[in-house]
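Observations on the three-dimensional arrangement
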Amino acid sequence: RMTDLEVRSFLPTFFSAFPFNQLSPQACRHIASKLTLNDFQPGQVIFAEGEIPIAVHCIVQGQVRIVSSTQLTIARLEVGQTFGWEGLLRRVGVG
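Keep in mind that this is a model prediction, so the values were computed, not measured. (Residues numbered from 1 in each chain as written. Predicted model: local features only at pLDDT ≥ 70, side-chain atom pairs only at ≥ 80, totals over all residues. Heavy atoms only, no water.)

A word on the pairing of strand S3 (residues 73-77). Pairing geometry for strand S2 (residues 64-67) and S3, over four bridges, is antiparallel. Following the sheet pairing, Arg65 is matched in S3 by Arg76. Where S2 hands over to S3, the hairpin turn is made up of five residues, of which Gln71 adopts a positive phi near 70 degrees. (Pairing = 2+ DSSP bridges. Helix = DSSP H or I, 4+ residues; strand = E, 2+ residues; numbered from the N terminus.)

Structure (structure tokens):
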């Protein structure tokens, strides 16, 4: 498990990813103050296809596999990549 200091050292990577690299320094500071560290187990569903995400996720460690309802792998996301932001901003389900 990563420490808070290790997570904070990851912030420049987080804010270099789209769409966060488009934000003002003030907006970045505000978002940084709201970030929390979540730990997911292998195979755990973060959000289901068609569900509106409740958070934006940035991969700090490991990887995330995006799968269809038939369990086909759509994408694999690695450290530094974000997901959930588009559905959250548009308020539409993903998938």
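Now that the structure has been shown, we can carry on.
Attention now moves to the side chain of His57. Structurally, the position occupied by His57 is in strand S1 (residues 57-58). Beyond its immediate chain neighbours, meaning those up to four positions away, His57 contacts Phe40, Ile46, Phe47, Gln81, Thr82 and Phe83. (Contact = heavy atoms within 4.5 Å.)

Let's shift gears to the nonpolar core. Counting residues in each nonpolar core, the largest one holds 10 residues, listed as Phe10, Leu11, Phe14, Phe15, Phe20, Cys28, Ala32, Cys58, Val60 and Trp85. Mapped by element, the contributors of at least two residues to this core are helix H2 (11-14) and helix H3 (25-34). Phe20 has contacts with Phe14, Phe15, Cys28, Ile31, Val56, Thr82 and Trp85, leaving out every residue within four places of it along the chain. Counting residues in each nonpolar core, the second largest holds five residues, with Phe47, Ile59, Val64 and Leu77 among its members. (Core = buried A, V, L, I, M, F, W, Y, C linked by side-chain atoms within 4.5 Å. Buried < 20%, exposed > 50% of the residue type's maximum accessible area, 1.4 Å probe, protein only.)

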